[in-house]
Amino acid sequence: MTRSVTLADDPQGRGRKRYSPLSMALHWIIALLIFVQIGLGWYFNEVLPDHSPIQDRFQDIHVSLGLTTLMLILIRVGSRIVIPVPALPQDLSPWESRLAQVVHVLLYVLMLGLPLSGWLFLTMRQEPITFWGVNWPALPGMEAFTGSAHRTFVRSVKHFHVFTLIWAAWVVIALHVAGALKHQLDGHPVLWRMIPFLKARA
Ligand code: HEM
Ligand code: HEM
């Protein structure tokens with residue numbers, strides 16, 4: 001079953017056909033940073049010797065890059081609210097439109113959850129946090145956890161950051177890429193909407 005997009009489906013898009021240059025730039029920079037961060041996190045945590053100076057150095061880079069990513073994500077969320085985005089392709093079936101919307105929301109949740117959980121983890125471990133060499137504040141309100149509640153929370157947050165969210169990210173990103181490629185190949189060319197130098201197909 002197919003359907004057409006009406007004004008009611010596109011209350012803010014105002015007929016925009018592709019994402020704005022700012023949205024495209026942020027989409028690809030943030031995607032790249034997330035992949036780099038997953039690789040970097042795995043490398044310093046699993047490959048480098050524990051408690052070595054080189055591991056500390058790489059952790060500092062991971063933290064600073066992660067906080068930089070968080071700032072870019074917040075700019076992206078802000079620009080998503082202010083700048084209209086194009087409506088989904090007109091003749092997707094209702095379940096495809098719904099799935100695409102759910103995946104987009106999950107991607108935003110992951111983009112925020114990944115750096116915030118890292119920040120929360122270091123806050124709970126009461127380690128100094130630096131952002132490219134400058135002191136960065138701990139998240140407020142975490143002093144409430146003490147004793148065994150504190151230890152349990154630290155373990156849970158660590159597991160959430162290094163395991164749960166990473167696996168969730170792989171699954172959701174795979175769905176997202178598969179969806180984009182499927183639409184691209186089945187006559188709904190969505191890639192040009194997000195890739196600056198691609199020409200629109202008729
Ligand atoms: C960490 C990796 C990625 C994240 C977090 C991500 C996130 C997102 C989000 C949130 C949107 C929706 C934009 C909005 O409406 O505000 C989007 C759109 C899009 N993404 Fe990604 N993305 C990632 C990787 C990729 C990759 C590898 C591709 C390549 C196939 C891709 C292709 C697209 C396309 C074509 C759209 C536009 C879809 C449409 O026209 O509705 N993304 N992405
Ligand atoms: C896009 C953002 C981020 C991603 C994708 C990410 C991903 C990862 C990954 C994949 C690991 C290691 C997993 C493994 O052991 O295999 C890790 C570890 C770690 N991350 Fe992140 N991270 C991000 C942001 C942050 C931020 C903002 C902070 C702190 C402010 C942070 C602090 C840490 C720490 C301290 C570890 C080591 C955990 C341990 O001691 O076991 N991360 N991260």
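Fair warning: this is a prediction, and the values are worked out from it, not measured in the lab.

## Overview of the site of ligand 2
Working step 1: Taken together, 24 residues are adjacent to ligand 2, and Gln37, Gly41, Asn45, Gly66 and Gly118 come closest.
Working step 2: Looking at the shell around ligand 2 element by element, the count peaks at seven residues for helix H1 (residues 21-47).
Working step 3: Along the lines of polarity and charge, the residues of the shell around ligand 2 split into 13 nonpolar, nine polar and two charged.

## Let's talk about the site of ligand 1
Working step 1: The full set close to ligand 1 counts 19 residues, and Ala31, Ile34, Leu107, Val190 and Met194 are the nearest of them.
Working step 2: Within the shell around ligand 1, the residues separate by chemical class into 14 nonpolar, three polar and two charged.

## With respect to the packing of helix H3 (residues 94-124) against helix H4 (residues 147-185)
Working step 1: It is at 9 Å that the axes of H3 and H4 come closest, and there the two elements cross at 155°. Between H3 and H4, the crossing angle belongs to the class labelled roughly antiparallel. Both H3 and H4 take part in a crossing whose hand is left-handed.
Working step 2: Across the contact of H3 with H4, the residue classes break down as 18 nonpolar, six polar and one charged.

## Let's talk about H3
Working step 1: Relative to the 45 Å expected for 31 residues at 1.5 Å per residue, H3 spans 43 Å between its end C-alpha atoms, a close match to the ideal helical length.
Working step 2: In the structure, H3 departs most strongly from a straight axis at Gly113, where the bend amounts to approximately 25° and where the proline Pro115 lies between one and four residues downstream.
Working step 3: Listed as buried for H3 are Met111, Leu114, Pro115, Gly118, Trp119, Leu120, Phe121 and Met124.
Working step 4: If you follow the buried residues of H3, they end up packed against H1, helix H2 (53-82) and H4.

## Concerning the confidence of the model for the protein
When pLDDT is low, close inspection of the predicted coordinates is not appropriate.
Working step 1: On average, residues of the protein score 89 in pLDDT, and 91% of them are at 70 or above.
Working step 2: This stretch, residues 1-13, has a pLDDT under 50; its non-local contacts, to residues over four places away or in other chains, come to 18 contacts.

## Concerning unusual backbone geometry
Working step 1: Phi at His51 is positive, roughly 60°, even though this residue is not glycine.
Working step 2: Inspection of the secondary structure puts His51 in the loop between H1 and H2.
Working step 3: By the C-beta count within 10 Å, which is 7 here, His51 ends up exposed.
Working step 4: Notably, Trp132 is not glycine yet its phi reads approximately 45°, a positive angle.
Working step 5: As for its position among the elements, Trp132 is in the loop between strand E1 (129-131) and strand E2 (134-136).
Working step 6: A count of 12 C-beta atoms within 10 Å places Trp132 in the exposed class.

## Let's talk about the packing of H1 against H2
Working step 1: In the contact formed by H1 and H2, the axes pass within 9 Å of each other and the chain directions differ by 155°. With respect to H2, the axis of H1 lies roughly antiparallel. The crossing of H1 and H2 is left-handed.
Working step 2: Considered class by class, the residues forming the contact of H1 with H2 number 16 nonpolar, nine polar and one charged.

## Looking at the environment of His176
Working step 1: For His176, the location among the structural elements is in helix H4.
Working step 2: Distance from His176 to His161, taken between C-alpha atoms, is 21 Å for residues 15 residues apart in sequence.
Working step 3: The residues touching His176, leaving out its near neighbours within four places in the chain, are Val103 and Leu107.

Rules behind the numbers
Residues numbered from 1 in each chain as written. Chains lettered and ligands numbered in written order. Predicted model: local features only at pLDDT ≥ 70, side-chain atom pairs only at ≥ 80, totals over all residues. Near = placed C-beta within 6 Å. Helix = DSSP H or I, 4+ residues; strand = E, 2+ residues; numbered from the N terminus. Nonpolar A, V, L, I, M, F, W, Y, C, P; charged D, E, K, R; others polar. Axes fitted to C-alpha atoms, helices over the stretch in contact; angles between N-to-C directions. Parallel < 35°, antiparallel > 145°, perpendicular 65-115°, else oblique. Left-handed = near helix turned anticlockwise from the far one by under 90°. Expected span 1.5 Å × (residues − 1). Bend = angle between axes of the 7 residues up to and from the residue. Buried ≥ 20, exposed ≤ 12 C-beta atoms within 10 Å, placed from the backbone. Contact = placed C-beta atoms within 7 Å. pLDDT = per-residue confidence, 0-100.

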